[in-house]
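Examination of the molecular architecture
The primary structure of each chain is shown beneath.
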Amino acid sequence: MLKEAERLHCVVLLHAEDPERVREWTSIQKTKGNGWRHYYRSRPEEAETAAVKNALAAAEETGAQLHIVHIGTAEAAALLKDAENVSGETAPHYLQFSADDLEKIGGALKTAPVVKGISNKKLLWEYLIDGTLDFVASDHAPAPAEQKNTGSAWKDYAGIPGTGTIFPYLYSEGFVKRKIPLPRFLEITTENAARRYGIFDRKGSIEIGKDADFVFVDPEGSRKIRGKEFYSKGKITPFENMVFQGKVQKTMIRGKVVYDSSTGINAEPGYGRFLTPGTNEEK
């Protein structure tokens with residue numbers, strides 16, 4: 001696949017968990033119970049690290065462009081430091097939560113890859129700030145309540161709604177709390193993803209000729225997360241009742257205000273556009 005993607009000048013996105021290890025450990029853990037610690041042990045840090053090592057070897061051999069999605073293991077992220085043609089992302093739930101939280105929160109925090117041991121969080125933040133990880137993505141994968149509360153860690157749907165919390169979380173916990181410099185914050189939230197996916201000719205920065213996309217934030221405001229208020233059909237979130245510093249007042253897309261905190265969504269259905277890489281794609 002990497003060879004063909006290189007011929008087509010495409011980036012391969014990889015969910016990096018070693019399938020053989022996950023199948024073996026899942027089979028073992030299912031015999032021991034249906035709790036959340038069993039689910040974590042079925043796909044622990046080693047599953048991610050092994051998959052990233054194998055993927056990096058294949059990318060080096062082919063010279064292809066590779067991107068590792070939703071990394072939750074710090075050791076796996078560290079492997080990207082000196083890798084050529086390979087980028088990586090994490091997600092807010094890996095920066096905030098651990099396997100200990102999974103036991104407390106349950107299905108609302110079930111994802112794949114699963115959230116990992118508590119020591120990973122601090123290192124993932126460090127790798128994000130120093131550039132080892134390129135950006136943060138939401139990994140938006142919601143589900144109805146009946147699929148998230150089955151009573152079994154094995155049967156609950158693996159995915160959470162992420163679009164409603166990604167920017168508020170990164171602004172509050174990254175820019176405000178951890179004092180990420182503004183240029184780096186903008187790379188993490190906008191620029192680097194646009195560059196990686198070949199849409200930096202239209203998106204990712206404020207420049208003449210690009211789409212007028214803006215987020216207007218009141219830094220003195222705050223937002224309490226309530227899943228029932230999400231615009232996503234998925235209302236179950238592990239961030240429920242957390243309070244984030246900063247409040248999004250308006251969102252503008254291509255020069256049009258599409259969201260206002262006082263009135264909600266203003267754009268008509270169909271205003272959104274599907275994005276494809278441009279001719280001046282940057283790798």
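These lines cover the structure that appears in this document, whether it is placed above or below. Just so it is clear, the model here is predicted, and its values are computed rather than measured.

With respect to the overall build of the protein chain
Summing up its helical and strand segments, the protein chain has 11 helices and 8 strands in all. Relative to a compact globule of 283 residues, whose C-alpha radius of gyration would be 19 Å, the protein chain shows 19 Å and is just as compact. Each principal axis of the C-alpha distribution contributes one length, and for the protein chain these read about 55 × 45 × 35 Å. Buried positions account for 46% of the 283 residues belonging to the protein chain. Sequence-distant contacts in the protein chain: of pairs separated by 6 or more residues, those separated by 24 or more amount to 65%. Roughly 14,500 Å² of accessible area belongs to the protein chain as shown, and the carbon and sulfur atoms make up 52% of that amount. Positive and negative side-chain charges in the protein chain, numbering 39 and 39 respectively, have mean positions lying 6 Å apart.

Topic: the packing of aromatic side chains
To describe a pair of aromatic rings, one takes the distance between the centres and the angle between the planes. Here the structure, examined in full by the defined rule, presents 15 aromatic pairs. Arranged with centres 6.2 Å apart and planes meeting at 65°, the rings of Phe239 and Phe244 form a pair that is edge-to-face. A single burial state applies to Phe239 and to Phe244, both of which are buried. An aromatic cluster of three or more residues is present, and its members are Phe97, Trp125, Tyr169, Phe239 and Phe244.

A look at the pattern of salt bridges
In total, this model carries 18 salt bridges according to the counting rule given. One salt bridge in this structure joins Arg43 and Glu17, with 2.8 Å as the shortest N-O distance. Note that Arg43 is positioned in the loop between helix 3 (36-42) and helix 4 (45-62) and Glu17 in the loop between strand 1 (11-15) and helix 2 (19-30), a separation of 26 residues in sequence. Among the residues examined, Arg43 registers a relative accessible area of 16% and is labelled buried.

Looking at the pairing of strand 3 (residues 86-90)
Of all the 5 residues making up strand 3, 5 are buried; the element is thus mostly covered by neighbouring parts of the structure. Residues of strand 3 alternate between two faces, with Val86, Gly88 and Thr90 on one and Ser87 and Glu89 on the opposite face, all of them buried. Where strand 2 (residues 65-69) lies against strand 3, 3 bridges are found, and the strand directions are parallel. Paired with His67 across the strands is Ser87, a residue of strand 3. One ladder, built from 2 bridges, connects strand 3 with strand 4 (residues 135-136); its direction is parallel.

The rules behind the values
- Residues numbered from 1 in each chain as written.
- Predicted model: local features only at pLDDT ≥ 70, side-chain atom pairs only at ≥ 80, totals over all residues.
- Heavy atoms only, no water.
- Helix = DSSP H or I, 4+ residues; strand = E, 2+ residues; numbered from the N terminus.
- Rg over C-alpha atoms; globule rule 2.2 N^0.38 Å.
- Buried < 20%, exposed > 50% of the residue type's maximum accessible area, 1.4 Å probe, protein only.
- Contact = heavy atoms within 4.5 Å.
- Areas by Shrake-Rupley, 256 points an atom, 1.4 Å probe, with all protein chains shown as cover.
- Lys, Arg positive; Asp, Glu negative; His and termini not counted.
- Charge placed at Lys NZ, Arg CZ, Asp CG, Glu CD.
- Phe/Tyr/Trp six-rings, centres within 6.5 Å; stacked < 30°, edge-to-face > 60°.
- Salt bridge = Lys/Arg side-chain N within 4 Å of Asp/Glu carboxyl O.
- Pairing = 2+ DSSP bridges.

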